[in-house]
Amino acid sequence: MSANGKPQTIEKLVDAFGGAVLHTGEALGEWSAVVALDSIHAALQFLASDSELAYEHLSDLTAVDLSQLNRAEPGLDGARYAVVYHLYSPQNETRLRVKTPVTDENPTAPTVSDIWAAAGWAEREVYDMFGIAFENHPDLRRILMPDNFTSHPLRKDYPTKGLGERAAFNFETSASNLVGKSDSTDRGEDAIESETMVLNIGPQHPATHGTLHLEVELDGERIVRATPHLGYLHTGFEKLAEAMHWNQWIVVTDRMNYLSPLSNNFGYVLAVEKLIGVEIPKRAQYIRVALAELARIADYMVWLGTHALDIGAFTAFLYAFQQREKAYEIFEACAGARLTISYTRVGGLFYDAPESFEPMMRAFVKEFTDEALPEIEKLLSRNRIWIDRTQGVGVISAEEAVSYGLTGPCLRGSGVRRDLRKTEPYSSYEEFEFDVPVGASGDTYDRYLVRLEELRQSCRIITQALDNMPDGPVNVEDHKLRFADKSHVYKTPDHTHPYDPTQPYGSIEGLIHHFKVNMDGHGVPVPAGEAYCATESPNGELGFYIVSDGSGTPYRVRVRPPSFYNYQSLPRLLEGHMMSDVVTALGSLNVIAGELDR
Amino acid sequence: MELAATAAKAVFIVAFILAIVPMLVLGERKVSGWIQDRHGPNRVGPGGLLQPLADGIKFLAKEVLAPKSVDRKLYFAAPALLLVPALMSGAIIPWSKPIPADSFIGNLLSAENWSPDGIPFQLARIDVGVLYFLAIVSLGVYGVILAGWASNNKYTLLGGLRASAQVISYELSLGLSILAVLLMAGTLQVDKIVEQQAGAGWFIFYQPVAWFLFSVTALAETNRAPFDLAECEQELVGGYHTEYSGMTFATFFLAEYGNMAMSSALNVSLFLGGWTLFGLEEMIPWYLTFLIFIGKVLLFLFVFLWVRWTFPRFRFDQLMRLGWKMALPLALGNVIVTAGAIALHEMWSAPLWPVMAAGQLALIGAVVLTSVLNARADAQRSQA
Amino acid sequence: MPAADTYFPILLLFVIAVVLAGVILLIARLITRFAIKPREGEAKYTVYESGVNPLGDARLRFSIKFYLVAMIFIIFDIEVVFFYPWAVVFRDMVKESPLILWEMLVFVAILALGYAYVWRKGGLDWD
């Protein structure tokens, strides 16, 4: 940061581009700059390649439809859309948000996929959702919606009631278009000449857990080309958010990475809390951390199990799922649900953790580190076949991994020591001691070893969280934010408040708070503004970019799904590999369809 | 009456396979359940014992569905082409010591009139013996590749191609590993090989390398994990039988498990002394030697299952490398070492076992040495 | 010659096996035909390709590598077949003269030469 309070980045950007930088500003600790459309490519190129700034990492690329925003965004006057780039500089550990105005008359923007490989799919998604065309993009097709879809759902004028698009949308043709979805026409003749075989792996395939669809071109057993197709599980979560209360959408986040729902709940409420500017009680933070790490373990267990299953080690799969089952029992004890737990709330947690929480966690961690993990390792880590199958498969170098926007274990497997829990600690992670393992060669085996080591580190964090668990409330005191305690709303037959049928309500204040927080148009009071909040979810950087207009519902929620960016690197990982390596490389990325397609 | 005996033995072989396959399927599920810390089938009948029956009824009641684009003749011929060799390969297996003419069955067939030494419990004592087994078993690959091709499906085609490439690659090592036994026994007839082992000790004690090679290649020949690339679910969905349903699918199953049982039976006959048990076979009636034989076969089948539920799967190039570059030279070397040992024994009457053991140890040493050198080279390459 | 030493039992077994295989498949088709009322539907009778319509036909000229494996196999398999008669008589003949051992070593050396050639040429590598 320089003397006048502006970070070096902003100064250098303004120095270099002068008038093209339409606005710079800071809010909630995040710097953002608005750059004119003409100069955006040059500006981003500058930010990425300048040796002092080195924004090598495109965290996310998205857009916002400004047409119904009730405030004027400085620098974006007259623009219908803003394309938003979230950049991260690993060298300086700083983030920067860059926006550029795009008009309704000419919705085009230059592609940045030549700067960051990560932008390829992100731009396709913006094109799909907003209709903003990216010039010179190598493969600008719809990505989540079917090819014969005619509209752009995240535009604000897209009808959310009535038949809307569906009136024009024929599911019969859409079904037969599944073939058309792959670009078979432009390759047809060519394919016959070289006699390669075009094979669909997925969406209904035993190894594409979820609904992934990979179109591979095979020459015998060798892969000539692999093209992933997305969107089979697209559920419009981001659009849904625009019609839901702040707390309501927590339930939706469960469905994203359904292997570790709590990590999503956690990331989302952190983003909302950042917008509100509220600090939640230490106890809630610690419980969140402990459960997030437990969710990580549960997630990795599914990953490990299915990964091993794909390579043919069936037994490891069931051993891993046993541990996941035990983790789910703890979630059940806390939240009452096993899979879609929705345990966090804006301002704290749904409930305090039960008394059995600590002994259950300790028993789990003990069994997991002492018995389960060594047993699984014994089956795989030194197994010659396993090593042969995973070593040297799906190699990605550190530079490429960064360029593709890989995060989480996939990035660390390539030797980049980046973990948001360390670099941008949230929810008291700075108080925990743990190591960040990295791999050396960036192959599947390294990603496997990194994840195994992270399992141990997660257990360490859980133990520390339990040892130092503070007492106290698990929700902020502010009744405008938190859900009223159920016993304050209505008398329930629980141990604290004996049920009294003559007096059904707890207290009138409780009822009012409950009403206010839940009613349409009231909700949790989130001030107008925007925030990007990233957490280290099991798959990597799970970011939530939220634009609020101060009403009871978000104006725009953008999820930065780690799987989306990780999956994008799959064709690169498969270059020159064999048919059997598809499942190996795919498994090592741990792509979760719910999160991928949202 | 001789015809009746032959017919009875033929029916026995077919019935044996038809009976052991459901047991094997149940056993596989129970063993995998046990290995994986779960129950396995336990709903149909006591402890799930009737599960195979329920499976059978279900298979029968399922629709046999052939996609429109298949080659219908080959599509329906393929399962039969696989099943027939699987049923036939048991013809040369000696199931027990000869059934005495004065036993119940001997009386029943009035055996003393035509076979005073007792009825051999072996369908065909043909002099090509082991060769017949190899020939018949390798016919099965036609069923696999035709199933893969006729289905007109890319997964099945890949599965069929993989299966055929794999089977022929391992057939050489299989044949060569048997050769070491033939060198020792000096005959191709399986019953004579078994009888020799009764006197001289089981061949596994002389030929552990050949036995190991035979067992591994038998896994590969029967398409069992970790060599199940032809039907690996996670890559090729169902492999060559993806398009088959109901009873046609069950036929593939029957053949696969039948092959497993028969290759175990041959393994036991060639290396583990067949129905002999350290001289005990002299003292007990023939049906107990039959049980000894079956017991050994079951032990082997258990190993098949154990391996399947423990190891991950090879990749295709690794599988070919293992077959061509490791198993084949090793098997060839074993033949030479064995021939040399026998020559020493016969010409200068060196004691057979120590010479043989020295040869085997030398082979194992060579294998260890090459793998260590390879690992070194790998390490150096990765450092570079 | 007792029947067990001839090929007649094999023929018998073959007949039984063929009849059995035929009967199994026939019963299955009859059950499908008469006891089950199969539902019709176009998608049902397409081949399976992960739930989407297959791209093109599966009847392709497949990779040459499979043929290479087959050819190498045939060459070596024929040579291996020569081992069998040798192995059977080896033990008896080596008593008289070690010539049979030397002869085979020469044969193996030639075989090994061919094997080494194929190895060097990369014929045994899948790639």
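Cut-off values and rules
Residues numbered from 1 in each chain as written. Chains lettered and ligands numbered in written order. Predicted model: local features only at pLDDT ≥ 70, side-chain atom pairs only at ≥ 80, totals over all residues. Helix = DSSP H or I, 4+ residues; strand = E, 2+ residues; numbered from the N terminus. Rg over C-alpha atoms; globule rule 2.2 N^0.38 Å. Buried ≥ 20, exposed ≤ 12 C-beta atoms within 10 Å, placed from the backbone. Contact = placed C-beta atoms within 7 Å. Pairing = 2+ DSSP bridges. Axes fitted to C-alpha atoms, helices over the stretch in contact; angles between N-to-C directions. Core = buried A, V, L, I, M, F, W, Y, C linked by C-beta atoms within 7 Å. Nonpolar A, V, L, I, M, F, W, Y, C, P; charged D, E, K, R; others polar. Domains from an automatic or database assignment.

Caption draft 1: The arrangement of the overall build of chain B in detail. The secondary structure content of chain B amounts to 15 helices and zero strands. Relative to the compact-globule value of 21 Å for 384 residues, chain B shows a C-alpha radius of gyration of 22 Å, a close match. Considering chain B as a whole, with its 384 residues, one finds that 58% of them fall into the buried category. Residue pairs at least 24 apart in sequence account for 77% of intrachain contacts in chain B once pairs closer than 6 positions are excluded.

Caption draft 2: View of the overall build of chain C. Regarding its fold elements, chain C presents three helices and zero strands. Starting at the N terminus, the α and β elements of chain C follow one another as α-α-α. The C-alpha radius of gyration of chain C comes to 26 Å, more than 25% above the 14 Å expected for a compact globule of 127 residues. Considered along the principal axes of its C-alpha atoms, chain C spans approximately 75 × 50 × 15 Å. Out of the 127 residues belonging to chain C, those deemed buried represent 26%.

Caption draft 3: Inspection of helix H21 (residues 579-589) of chain A at higher detail. All names here are of chain A. With 11 of its 11 residues buried, H21 lies for the most part within the structure. Restricting attention to buried positions, one finds in H21 the residues Met579, Ser580, Asp581, Val582, Val583, Thr584, Ala585, Leu586, Gly587, Ser588 and Leu589. The positive-phi residue at the C-terminal boundary of H21 is Asn590, with phi of around 50°.

Caption draft 4: Region of interest: the sheet that holds strand E15 (residues 556-560) of chain A. Residues and elements named next belong to chain A. Read from one edge of the open sheet, three strands run E13-E14-E15, paired in antiparallel fashion. Since the sheet does not close on itself, it has two edges, and those belong to strand E13 (529-537) and E15, each with one partner. The mean angle between the axes of side-by-side strands here comes to 10°, regardless of whether they run parallel or antiparallel. Against the sheet, helix H8 (residues 261-276) engages E13 and strand E14 (540-548), with an angle of about 150° to E13.

Caption draft 5: Representation of the environment of Gly140 of chain B. Residue and element names in this part refer to chain B. Mapped onto the elements of the fold, Gly140 is located in helix H5 (residues 130-150). In this structure the C-alpha to C-alpha distance between Gly140 and Ser89, which are 51 residues apart in sequence, comes to 10 Å. The contact partners of Gly140, leaving out residues within four places of it in the chain, are Leu82, Pro85, Ala86, Ala255 and Asn259.

Caption draft 6: Region of the structure containing the nonpolar core. Membership of the largest hydrophobic core comes to 342 residues, with the highest contact counts inside it found for Tyr81, Ile132, Val272 and Val582 of chain A together with Val181 and Ala261 of chain B. Element by element, the count of residues in this core is highest for helix H6 (residues 154-185) of chain B, at 20 residues.

Caption draft 7: Local environment of the pairing of strand E4 (residues 81-89) of chain A. All names here are of chain A. Where burial is concerned, most of E4 is hidden: eight out of the nine residues are buried. The pairing of E4 with strand E5 (residues 94-102) spans nine bridges and is antiparallel. Bridged to Tyr81 within E5 is Val102. What sits between the antiparallel neighbours E4 and E5 is a turn of four residues, in which Glu93 has the positive phi angle 55°.

Caption draft 8: The arrangement of the interface of chain B and chain C in detail. With 70 residues of chain B at the interface, the matching set in chain C holds 56 residues. Elements with a minimum of two residues in the side of chain B that touches chain C: helix H1 (2-35), helix H2 (51-61), helix H3 (72-88), H6, helix H11 (246-271) and helix H14 (316-348) of chain B. Residue classes in the side of chain B that touches chain C are distributed as 44 nonpolar, 15 polar and 11 charged.

Caption draft 9: Main features of the domain arrangement of chain C. If you check the domain split of chain C, you get domain 1 (1-57) and domain 2 (61-127). Domain 1 of chain C and domain 2 of chain C are separated by 37 Å when their C-alpha centres are compared.

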